[in-house]
Amino acid sequence: MSYEDDDLALNLINCCDFTIFLGVTTHMELSKTGFLSNLAQLIPMPDCNQSPRNMYQCQMGKQTMGTPCHNWDLQSETKLYRLQTPSSPLFRPVHHDNINLDDFAMGTNAIVAVISYTGYDMEDAMIINKASEERGLGHGSIYKSEFVELDHPSSYFVRDPENPKKLSLYLDSDGLPYIGRKMRDGEPHYCFYDSDRSQYVVKTFRGKEECFLHSVKLCGNLIKNPKKVACLTYRVPRNPSVGDKFASRAGQKGICSHKWPAEDLPFTETGLVPDIVFNPHGFPSRMTIAMMIEIMAGKSAALHGLVHDATPFKFTEEDTAIDYFGRLLEHGGYNYYGTETMYSGIDGREMTAQIFFGVVHYQRLRHMVSDKWQVRSTGPINILTRQPLQGRKRGGGVRFGEMERDSLISHGASFLLQDRLLHCSDETMALICTSCGSLLGPVTVVTRLAEKPNQSDTKEVCRICGHGNNIAEIQIPYIFKFFVTQLASCNINVRVECKNI
Ligand SMILES: [Zn+2]
């Protein structure tokens, strides 16, 4: 019996003897929240939300930037999202503490004003206080790891005889980049000895985005003469920018539309400026009452130095959450309903409406514009159809579909329609026979005269009707010619009637 087998046997004995391990639970008391999943149990007061909102939050809870691990220097995951300035929610269900989620914090506490301010908060857009962002609100980064093979097993030192000094600017003596180095596109990445070619090879770094080298690890395994493999982990800074996605824990998502200067945002009597401006139109249709309760609960928690329990089914019709937190707010000298008098950040005038104002735990989601933006003038095309390729990575175009086409037609924007669907797509000049209307008929015939063998003459002839006088050049999308060709293969002829305008 090997050592591992002994260990296994010991464990089995312990299990049979019902040895109690500290902190290991086998059974749990039935509770009202027992039917909820791990994700659902993290939603504050889901019993006060319209049910689809809870489902949305269950989706988004998995997409938050947070604290996926603590061994940042050792891990080699392909991609990890990290929130740099997380905080513990002030209004949370007991499940949050049961699973020690404070050790793996997932969001930030933001001061929220529920107010329609400027036009930058329409629909699901959201204004973020620029000063808050600069102080660290929602700061985060992506950790990416890459494995590189260093071809020769014994030697991977830099010995570039031509330019030893220049290379040492970028690479360490082992041929790998310096830790903490800012990686730039086209700069030396790593260097190794290629035994097949008997020379040192310098690889260049490819990457458009600014990033830093976080760690370098040499990897080993149990094979006798393994290839040297190095794991390089990069850190890509991703602080919030316009177009990044956020969400509260009530399925209320929002896209940052503007980083508003703090001095132009509304402020309260005590001089508080919100971190996030939330549009009140987000409440009536979505009915996320739990978020409204959270605003009051978060505010009173901050006021009294508490953390409030957000486990569902704790309050009743007789003893409501609004009343409980309202009285706490009142006790702290605030308005019972959580509203405050606010002043315009533009002209300093007092606002006539009372503004709902409090603290909400916000999640930063991993959908970021810098991963999604796409732009193209002209670029790669499909060889068969001559239409632009699809896909961001390949430098392709954004699809201009049928609905978009209908929209332009309904607006009568025919020139724009032609620009999108013809000029910027697969515009071609094609020959057509005006007498038989065929796009496939015209062919170019090369003729050589016997007396002048070095000179050749080209002439367009229609091979269907035999005429050579009625060949014209027309501007069409290439896909139309392709379509006509395909129809011809089904024995269907297409006749185009041409007119001079
Ligand atoms: Zn013809």
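Nothing here was measured: the structure is a model prediction, and the numbers come from that model.

Some thoughts on empty space enclosed by the protein
Argument step 1. Counting across every chain of the model gives three cavities of 30 Å³ or more.
Argument step 2. Taken as a whole, the largest cavity encloses approximately 160 Å³ of empty space.
Argument step 3. Lining of the largest cavity is provided by 18 residues; of these, Leu42, Leu101, Met106, Arg249 and Gln363 occupy positions nearest its centre.
Argument step 4. Those elements that provide at least two residues to the lining of the largest cavity are helix 2 (51-60) and strand 17 (350-364).
Argument step 5. Residue composition of the lining of the largest cavity, by class: nine nonpolar, seven polar and two charged.
Argument step 6. Contributing to the lining of the second largest cavity are Thr108, Ala110, Leu137, Gly138, Phe246, Ile276, Tyr362, Gln363 and Arg364.
Argument step 7. Elements with a contribution of two residues or more to the lining of the second largest cavity: strand 3 (108-114) and strand 17.
Argument step 8. The greatest single-element share of the lining of the second largest cavity, amounting to three residues, is contributed by strand 17.

Let's talk about the domain arrangement of the chain
Frequently, the measure chosen for interface size is the accessible area removed from exposure when the parts meet.
Argument step 1. Domain boundaries assigned for the chain yield domain 1 (40-74 + 91-138 + 246-364) and domain 2 (141-237).
Argument step 2. Between the C-alpha centres of domain 1 and domain 2 there is a distance of 45 Å.
Argument step 3. Of the residues lining the interface, four residues belong to domain 1; the matching set on domain 2 comes to five residues.
Argument step 4. The junction of domain 1 with domain 2 conceals about 380 Å² of combined surface from both sides, 57% of it contributed by carbon and sulfur atoms.
Argument step 5. For the domain 1 face of the interface with domain 2, the top three residues by lost area are Met65, Trp72 and Asp73, together amounting to 86%.
Argument step 6. Scanning the region where domain 1 abuts domain 2 turns up zero salt bridges.
Argument step 7. One can count one residue pair in polar contact (both at pLDDT 80 or more) joining domain 1 with domain 2.

Observations regarding the sheet that holds strand 9 (residues 211-219)
Argument step 1. Here five strands make up an open sheet; going across it, the order is 1-5-10-9-6 and the pairing antiparallel. Two strands bound the open sheet, and with one partner strand each, they are strand 1 (79-83) and strand 6 (182-183).
Argument step 2. Pairing between strand 9 and strand 10 (residues 228-237): seven bridges, direction antiparallel. Each residue of the ladder has a partner; that of Lys217, found in strand 10, is Cys231.

Criteria and thresholds
- Residues numbered from 1 in each chain as written.
- Predicted model: local features only at pLDDT ≥ 70, side-chain atom pairs only at ≥ 80, totals over all residues.
- Heavy atoms only, no water.
- 1 Å grid on protein atoms, 1.4 Å probe; cavity = no way out; pocket = protein on both sides within 12 Å on 5 of 7 lines; lining within 4 Å.
- Points joined across faces, edges and corners; volume = space filled by probe spheres on them.
- Helix = DSSP H or I, 4+ residues; strand = E, 2+ residues; numbered from the N terminus.
- Nonpolar A, V, L, I, M, F, W, Y, C, P; charged D, E, K, R; others polar.
- Domains from an automatic or database assignment.
- Contact = heavy atoms within 4.5 Å.
- Buried area = accessible area lost by both parts, 1.4 Å probe.
- Salt bridge = Lys/Arg side-chain N within 4 Å of Asp/Glu carboxyl O.
- Polar contact = N/O pair within 3.5 Å; in protein donor to acceptor, adjacent residues only side chain to side chain.
- Pairing = 2+ DSSP bridges.

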